[in-house]
Each structure stands twice: as C-alpha cells, then as structure tokens.
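# Observations on the three-dimensional arrangement
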Amino acid sequence: MSNMRYKIMVVLVLLMPFEFLVWRVVSNDLGPDPIAVVADYTGLWSIILLLVAMTLSPLKRMTGWSQFLQVRRQAGLVMFFYASLHVLTFFALQIGWQWLQLVEALTQQPYIILGATGYLLLLPLAVTSTNNWVRRLGRRWRRLHRLVYIALPIVFLHGWWQLRADGGELLPYLLWMVILLLERIADRFGLLPYRSQSVAR
Amino acid sequence: KSTAQFANSGFYTRETQTPFDDATHYNNFYEFGTGKTDPARYQSKFVSTPWSITVDGHCQKPGRYHLEDLMKPRNMEERIYRLRCVEAWSMVIPWIGFSLGGLLSQMEPTSKAKYVAFTTLQDPQQMPGQRSSSSFVDWPYIEGLRMDEAMHPLTLMAVGLYGREILPQNGAPIRLVVPWKYGFKSIKSIVRISFVEEMPATTWNKAAPDEYGFYANVNPDVSHPRWSQSSERRLPSSLFSPNRIETTLFNGYAEQVASLYRGMNLAKQY
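Owing to the predicted nature of the structure, the values given are computational and were not obtained by experimental measurement. (Residues numbered from 1 in each chain as written. Chains lettered and ligands numbered in written order. Predicted model: local features only at pLDDT ≥ 70, side-chain atom pairs only at ≥ 80, totals over all residues. Heavy atoms only, no water.)

### Remarks on the overall build of chain B
Stated formally: Strands here mean DSSP runs of E at least two residues long; helices mean DSSP runs of H or I at least four residues long; both are numbered from the N terminus. Only C-alpha atoms enter the radius of gyration, while the globule expectation follows 2.2 Å times N to the 0.38, with N the number of residues. Note on exposure labels: buried denotes an accessible area under 20% of the residue type's maximum, exposed denotes more than 50%, and partly exposed covers the range between, all computed with a 1.4 Å probe on protein chains only. Residues are treated as being in contact if the distance between any of their heavy atoms lies within 4.5 Å. Every accessible area reported is derived by Shrake-Rupley at a probe size of 1.4 Å, with residue values counting cover from the shown protein chains alone.
A count of helices and strands for chain B gives eight helices and 12 strands. In summary, chain B has a C-alpha radius of gyration of 18 Å against a globular reference of 18 Å for 270 residues, a match within 12%. Projected onto its principal axes, the C-alpha coordinates of chain B cover approximately 55 × 45 × 40 Å. Classification of the 270 residues of chain B by burial places 59% in the buried group. Summarising the internal contacts of chain B: among those between residues at least 6 apart in sequence, 70% fall at separations of at least 24. Surface accessibility of chain B: about 11,500 Å² in total, with carbon and sulfur atoms responsible for 51%.

See the structure below:
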C-alpha cells in the first residue's frame, strides 16, 4: 500500500463516527433533543481523537514502527474537525448565533470558558500542521505543539464537568489520559523498558 | 368545576403536547442508567404490580398500604402540566392521577409533620443504574416537600399518562408530579412516604448542594452554577430549530403557588 493510500485509509477510518452521526441525522434517529445529542457526541469524539493522536508516539516508541507517526498529523486534524463541529454545534444550534447568550455563557459558565480555552489552544496546532509551517517554525514548532499537554487536561475537565451522576462514562478516557501522561514522564526520565527515540532530545 | 375554572387553577394548558414516544423514550431516571434512552431500554424486567407504600412518621395512620387500596377511593383526573427539567429542556405531558393532599389527609398527619419525604424503590436486580459503582448519587432516591407544598392542589400523584397506565420509565406504578419545580423533585416509583419534622436530606441536594436546592422552584433568574436557567428547549426540538422559549417563574404557575414562598429570598432558598 502506498503511503498516500495508507494515510487516506486512516482518515476515512477516523471519520467513521462522523459518518455514523450523519446517518443518524438523515434517518432522524437522534430523539427529541438532537442538539444535545450532537453536542455530546462531537465533544466525546474530540476527546477520543485527541487521545488517539497522542497515543501514536508511544506506540511508535514501543514498536519502532514509524507508520504510527506518519499519520499523527491526520489524526490531529480529524480531531480538530470534531472539535470544530462541537464548537459549531454550540454556536449555531445551542445558542443560535446570539452573541448576548455567548457573552453570558463565557462569563458565567466556567465549563464553557474551559472548552473555549481548549479549542483556542488547539487552533494554532491545526493551523501550523502544514509542511510549510513545520519548516518555517523549525525548532519552535515542537515547542509550540507541546501546547497539547495543556489543552488535553483542560478539554478533559470541560467534559468531566458535564457529568451529573456517574463518572463511568468518562472513566476509561481519564485512565487513558493518565497512562499517556505517565508514559511521557517516564520517557522523559529514561525510565521506559523499551527503546526510546526521544531521550536524546 | 367548569373548564375555565380548571384552566385558571393551572390544571391544564393548551400548549402543544409532547408526543407520547418522546415523553416515554427521553427520560432522566438514573436508577435505570444515566442515558436518556436507558430507562426505556432497561425497564422490561421492572415489576410494578403488586405494589405497596409504607407510610410512617408523624401521622395517626401509619402502615403498609396496597396501592389499589390507596387508589380506590380517589377521583382520577387528567392534568396537562408543563415539565421543566433542571437541564433546561421542557415537555408538556397529560398525566392521570389524584391530588397528593387528599392522600396525606387520609393518613392524619400530626402537628409535628412539617415536611413529607418520599423514597423510590431500591432494587438493583430490577434497576441496573443502582448497580453502577461509579455513580455519584446514593440510593435509594429521596425527595421531599414542605407540608404546604405537598397539600397544594397542583401537587399530583400520577398513575397514568396519555390516557393509559404509567410506564416504568416514567415512574410506574406511582410518582409525584410537582409542576412548578424542576423535574428531579417529582420522584418516581414511590415505596415510602414519611411525615417528618425536619427538612429531609434529598438525593440531589446531598450530591451537589450548590447546584440543587431543596426547593428547586423553576426560576429563570437563578442560574444553575453550570448553565443559565433563563430559557429552555421545548421538546421535541429539531437540529436546525432549537425551539427555545423563555423560562417563567414557577414554570408559569406563579399565580397558583407564589404565595407559598412569600417573604423568602428565592436566590438563597433555591
């Protein structure tokens, strides 16, 4: 399989939840409160895709297969697509482009502030994902993209804050996030049992 | 009573009713799971007959009553009420039931009975949500009303909806409906009614006291700490028209119930 075909395949697979959502919209299967369903769904898949994108480098470290890293940009961009849909759902559907409501939400609802912060932190990462920007920024590109370590917990907290009665829904993702972060720390201090590329950084 | 008197009492509204399918497949009944469709999905093993209610506390006629015996002497009425969820969505539902006040009077509460506490069935075998180990709330579910709220003519014990017997996902076989309060006050599948002297510790109030007050009166001016209560989505809504309407004080029943709260600071006693 050519490199290009491989990347396209991965993007199509990562977009499957979106295709499923479109199918549910078309078949009118979202229940009496579809906006809330779409908001929850796109939010959850943003978090999952963010975790997926951040799992690729440890997978590469573990297996040595560079194919994992080759699709990290694609995973990140698909994640940003879900996050943008999520923000759009909030803007267009939930508050109906009413700026006053937006101001109210941003000043009174802490979890909206968190969500907006998370999105704004991810925005420059999506913009600078092109080869051109990677070249132009050089060493600074890497430093800039460490913003993801701030964005992830913020985005996760934003999601956790919606829970009303049961942490079970987000618990698997919390564990996933903690393992990812611990792996990064272990890698940093050279404590990993498998060979690491990044120790010599 | 004439129809007009009935309407003036708040017993019905001409607003568009929520379709039966939506009212029975979009429910918050965490005993069956936290998803809106969980109650309809997991209710099939729920047994609501026979059913009995234990009445205890400060009253002359405590005991364990069969539901049929409690219902037999009562006049069943249809009431069409707005239902406003604390999550900022709302429905219009035709209930069938009877005033709680008559039932409570039958038990002859004493002067020490200042509040009424209600308990939902606890049975993890039948209610999978009660088996969840990651739940933030304690079971059984407990709710309560001040005595004057409980005796108010609008306060309904519902045993049916849309002209038929009530379904498990809506609180079978008997539930409370307090139309001027957020939906979580309207406790479902009631197995115990207790007359108590102190304000009872209620489930949501215990779980998050800054978010869910004991009174939980619908109030557009008192925001939930996580979202505004000034408007609501009247369900069913569609993807491109949210059907957003303004929320009104006491869910539009101010004329009937505002006097219960005279002199109270509603922002503090929310």
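There is more to say after this.
### What to know about the layout of surface pockets
All names here are of chain A. Applied cut-off: As defined here, a cavity is a set of points on a 1 Å grid over the protein atoms alone where a 1.4 Å probe fits but cannot get out. A pocket is an open set with protein on both sides within 12 Å along at least five of seven lines, and residues line them when an atom is within 4 Å of a point. Grid points are joined across faces, edges and corners, and a volume is the space filled by probe spheres set on the points. Three classes are used: nonpolar for Ala, Val, Leu, Ile, Met, Phe, Trp, Tyr, Cys and Pro, charged for Asp, Glu, Lys and Arg, and polar for all others, with Gly counted as polar.
The volume enclosed by the second largest pocket comes to roughly 1,100 Å³. Taken together, 35 residues line the second largest pocket, and the ones lying closest to its centre are S57, R72, W141, H145 and R184. When residues of the lining of the second largest pocket are traced back to their parent elements, those giving at least two are α3 (34-63), α4 (67-70), α5 (72-94), α7 (110-127), α9 (139-145), α10 (148-160) and α11 (171-188). With seven residues, α5 is the single largest residue contributor to the lining of the second largest pocket. The residue makeup of the lining of the second largest pocket, split by class, is 15 nonpolar, nine polar and 11 charged.

### A look at the sheet that holds strand β6 (residues 142-146) of chain B
Residues and elements named next belong to chain B. This is how the line gets drawn: Strand pairing is defined by DSSP finding a minimum of two bridges between the two strands. Between the N-to-C directions of two axes lies an angle of 0 to 180 degrees, each axis being a line fitted to C-alpha atoms and, for a helix, fitted only over the stretch in contact.
Ordered by their spatial adjacency, five strands build an open sheet running β2-β1-β10-β5-β6, and the pairing between neighbours is mixed. Every interior strand has two partners, whereas the edge strands, β2 (63-66) and β6, have only one. Ignoring strand direction, the axes of neighbouring strands in this sheet form an average angle of 20°. For strand β5 (residues 115-120) and strand β10 (residues 190-196), the ladder comprises six bridges, and the chain directions are antiparallel. Paired with T120 across the two strands is I190, which belongs to β10.

### Description of the UniProt feature "transmembrane region" (unreviewed entry) in chain A
All names here are of chain A. The test is simple: UniProt positions are given in the numbering used here, feature names are shortened, and annotations may be inferred rather than shown by experiment.
UniProt tags residues 34-56, 77-99, 111-134 and 146-164 as "transmembrane region" (unreviewed entry). For the annotated span residues 34-56, helix accounts for 100% and strand for 0% of the residues, and the straight-line distance between the end C-alpha atoms is 33 Å. Each end of residues 77-99 is marked by a C-alpha atom, and these two atoms are 28 Å apart; helix forms 83% of the span and strand 0%.

### As for the side chain of T18(B)
Following the sequence through the fold, T18(B) ends up in the loop between α1 (3-8) and α2 (20-25). Dropping the residues within four chain positions of it, T18(B) is found in contact with A23(B), M91(B), V92(B), Y162(B), L235(B) and P236(B).

### Describing the packing of α7(A) against α10(A)
In a packed pair of helices, the relevant descriptors are the angle between the two axes and the axis-to-axis distance. Residues and elements named next belong to chain A. Our working rule: Each angle receives one of four descriptions, namely roughly parallel if under 35 degrees, roughly antiparallel if over 145, roughly perpendicular if within 65 to 115, and oblique otherwise. Left-handed describes a crossing in which the near helix is turned anticlockwise from the far one by less than a right angle; the clockwise case is right-handed.
Running from N to C, α7 and α10 point in directions that differ by 150°, and their axes come no closer than 8 Å. On the basis of their axis angle, the class for α7 and α10 is roughly antiparallel. For the pair α7 and α10, the sense of crossing is left-handed. Of the residues in α10, those in contact with Y111, L114, G115, T117, G118, L121, L122 and L125 of α7 are V148, I150, A151, I154, V155, L157 and H158. Of the residues in the contact of α7 with α10, the class split is 11 nonpolar, four polar and no charged.

### Observations regarding the interface of chain B and chain A
Short version of the rule: A 1.4 Å probe defines the accessible area here, and the buried area is the portion of it lost by two parts on being joined, summed over both. Each salt bridge in this description consists of a side-chain nitrogen of Lys or Arg and a carboxyl oxygen of Asp or Glu lying within 4 Å of one another. Residues adjacent in sequence count toward polar contacts only when both atoms are side-chain atoms; beyond that, a polar contact is any pair of N or O atoms within 3.5 Å, and within protein one must be able to donate a hydrogen and the other to accept it.
Each partner contributes residues to the interface: chain B has 31 residues there, and chain A has 25 residues. The largest share of the area that chain B buries against chain A comes from F136(B), R226(B) and L239(B), three residues that together contribute 32% of it. Taken together, the connections running from chain B to chain A amount to one salt bridge. The shortest N-O distance in the salt bridge between R233(B) and D33(A) comes to 2.7 Å. Summed over the shared surface of chain B and chain A, the number is nine residue pairs in polar contact (both at pLDDT 80 or more). Its residues assigned to classes, the side of chain B that touches chain A comprises 15 nonpolar, 11 polar and five charged.

### Things to note about the confidence of the model for chain B
To keep it simple, the criterion reads: Values of pLDDT, the confidence the predictor places in each residue, fall between 0 and 100.
Overall, the prediction assigns chain B a mean pLDDT of 94, with 97% of residues at 70 or greater. If you check the scores for this complex, the pTM reads 0.89 and the ipTM reads 0.81.

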